[in-house]
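Next come the chains, spelled out residue by residue.
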Amino acid sequence: MNKTIINYFWKYTHIQVVFLVIFTGFLFVFDLGNRDLWAPDEPRYAQVAREMLENKNFILPHLNGEVYPDKPPLLFWLIDLFSIPFKTVTEFSARLPSALAGLGCCIATFFLGRFIFSQRIGFIAALILATNVEFLWIARRSAFDVLLTFLITMSLLCFYLGYSRDFKNTRFFLISYVFMSLAVLTKGPLGLILPVIIIVSFLVMEGKLKLYRYMAIGRGCIIFSIIVFSWFILASFEGDKEYVDEILNNQIMGRFFNSWKDKEPFYYYFTRFPIDFLPWSLFIPGVIIYSIKQRSKEIRNVKFPFIWFAAIFVFFLIASGKKGRYLLPLYPAASLLVAWFFDSIILNLEKYKSHRIICIPGYVLFGFIIVFSISLPFVVNAYFPVKDVYSVIISSSCIGVSVFSLVFLYRREMSVFLMSIFLAVLIIFILSVKIVIPEINKKKSAKPFCKGINAIIQPENKLAVFGFYKDAYLFYTGRKYIKVIQNTNDLKHFLNSEERRFVIIKQNELRDIQRYIKSPIYVLLSDSIGHRKIVFVSNKMKRD
């Protein structure tokens, strides 16, 4: 009976798609709005979308009343679209585009795996993509990266469909250009550059560069121009040419060639990716070893995801600006490679002799979880005694799943072991969302502090922020504008007024400036937000 159910499951694609939608939808949407927006990026993007919605200006993004030239508008449009039922931007609506893009990316990866390898590999790859640390985390944040990854993945899926079918049937190539265009509206030229590099590299490696004749490049350029340049032209009229130049040159290409922030050493991604792609990165060495041992005919299908992975990795390795999430567009390729490896080794009975390249990482993974889980209650008791019960629940759950997984790994029941990894991620995810994240939110959220500010300040009062990120305070106070002050003289001038004025400032900076500003400064509120001690001050104790 069980075997019949399993065979039925693998036979019908729609059943697997429904399962993936339910499973990944749960991972990405469960309790999505129950955490406040965390600085620096989330409240900034939510605020830009809110100002766009309130001002009814959907061409030029604005932040704090000024043009925001850092990113194109597609993410902000989607946030506003999902905010319509709430009549304003909320934590849930600000994150929903990323969550749905993550779900869509998993489904696209499933179909890519199905067309390149097999339906089973596509299914495993989609689950791997959904359950690695970085993708799961970013898909639950308000961010551009998962949306960009989804659009690039869809463009590559459509390309591969066109490539693997009748070359004279160009509709898949044309759809691919649509997704590239939308990717450009998400994060600028990278949305075009990355898929083009992957496609050209793949055609060169396959010796089929002449395929470009059938790819309807001319019509693709027309589609691209209509979608992308229509907005760029309107934006240049409203924001002047300097706005478009800032997006194309300084913010996107400038960060690639000469980044003014996020500078990291050349080897940064060699250390960062293995951490971000956990737990599946532990099996990457096995993928490499297994690929080297196989004949060229047996790994022919691996070329496309391998080139995809290598092209993006090398591209960002060369870039001057580096962040872990920049590599997100290669995660579907990495998931396909790991899924192919698992399917080749552990789901084919005749290849069980190679089980060590699975077992060793498995022992390392769950051995580490057990050691961490045993030590967790002692660490929590030392620093947060009141949280002992929570730590015991997390610890016992992780130990139980780990022992369960190690038993099946020892018995070489590899299919069950693979499922146990997904189960472990699911359990750790639920415990994190319900127990760990709410505790972290108390430390990182600016929302309670802003509620205290709104209880004191009046709408007509002037509010300023001195020398640090303003976005979270702008969003949660609900104000349309907060003055940003960068030097002591301007702060002195701002406070030297007959009217009551207010400033949000770091506590250590307040102590420093009080030596230079002789007029009284009254502390009304104080709180620890993130790693900063923040105070809310005024030049008068109460209104006249």
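For the structure itself, look to the data block above.
Residues numbered from 1 in each chain as written. Predicted model: local features only at pLDDT ≥ 70, side-chain atom pairs only at ≥ 80, totals over all residues. Heavy atoms only, no water.

## Structural notes on the sheet that holds strand β7 (residues 532-538)
To keep things clear, this is the line we draw: A strand pair is defined by DSSP finding two or more bridges across the two strands. Strands are runs of DSSP state E lasting at least two residues, helices are runs of H or I lasting at least four, and both sets are numbered from the N terminus onward. Interaxial angles span 0 to 180 degrees and are taken between N-to-C directions of axes, which are lines fitted to C-alpha atoms, for helices over the stretch in contact. Note on contacts: a residue pair is in contact if any heavy atoms of the two residues lie within 4.5 Å.
Across the sheet, five strands lie side by side as β4-β3-β5-β7-β6; this open sheet has mixed pairing. The sheet is open, and its two edges are formed by β4 (483-485) and β6 (522-529), each paired on a single side. The mean angle between the axes of side-by-side strands here comes to 25°, regardless of whether they run parallel or antiparallel. One ladder, built from three bridges, connects strand β3 (residues 462-466) with β4; its direction is parallel. If you follow valine 465 over to β4, its bridge partner there is valine 484. Helix α21 (residues 488-495) contacts β3, β4 and β5 (501-506) of the sheet and is inclined by roughly 150° relative to β5.

## Notes on the pattern of salt bridges
Inclusion rule: Here, a salt bridge means any side-chain nitrogen of Lys or Arg that lies within 4 Å of a carboxyl oxygen of Asp or Glu. Throughout this description, buried means an accessible area under 20% of the type-specific maximum (1.4 Å probe, protein chains only), exposed means over 50%, and partly exposed covers the range between.
In this structure the tally under the stated criterion is 17 salt bridges. Where aspartate 145 meets arginine 325, a salt bridge forms, and the shortest distance between an N and an O atom there is 3.0 Å. With aspartate 145 in helix α8 (residues 145-163) and arginine 325 in the loop between α14 (303-318) and α15 (331-346), this pair connects stretches of sequence that are 180 residues apart. Relative accessible area serves as the criterion here: at 4%, aspartate 145 is assigned to the buried category. Of the charged contacts in the structure, one is a salt bridge between glutamate 499 and arginine 501, with a shortest N-O distance of 2.7 Å. With relative accessibility at 33%, the residue glutamate 499 sits in the partly exposed group. In the salt-bridge network here, residues are joined through shared partners; they are Asp41, Arg44, Asp145, Lys187, Arg325 and Asp471.

## Regarding unusual backbone geometry
Across the junction of alanine 39 and proline 40, the peptide omega takes the value 5°, indicating a cis bond. Locating proline 40 in the fold gives a position in the loop between α2 (13-29) and α3 (41-55). A cis amide bond links leucine 278 to the next residue, proline 279, at an omega of 0°. Among the secondary structure elements, proline 279 is positioned in the loop between α12 (268-276) and α13 (284-293). Its identity as a non-glycine residue notwithstanding, lysine 56 has a phi of 55°, on the positive side.

Everything listed is a geometric property; what it means functionally is a separate question.
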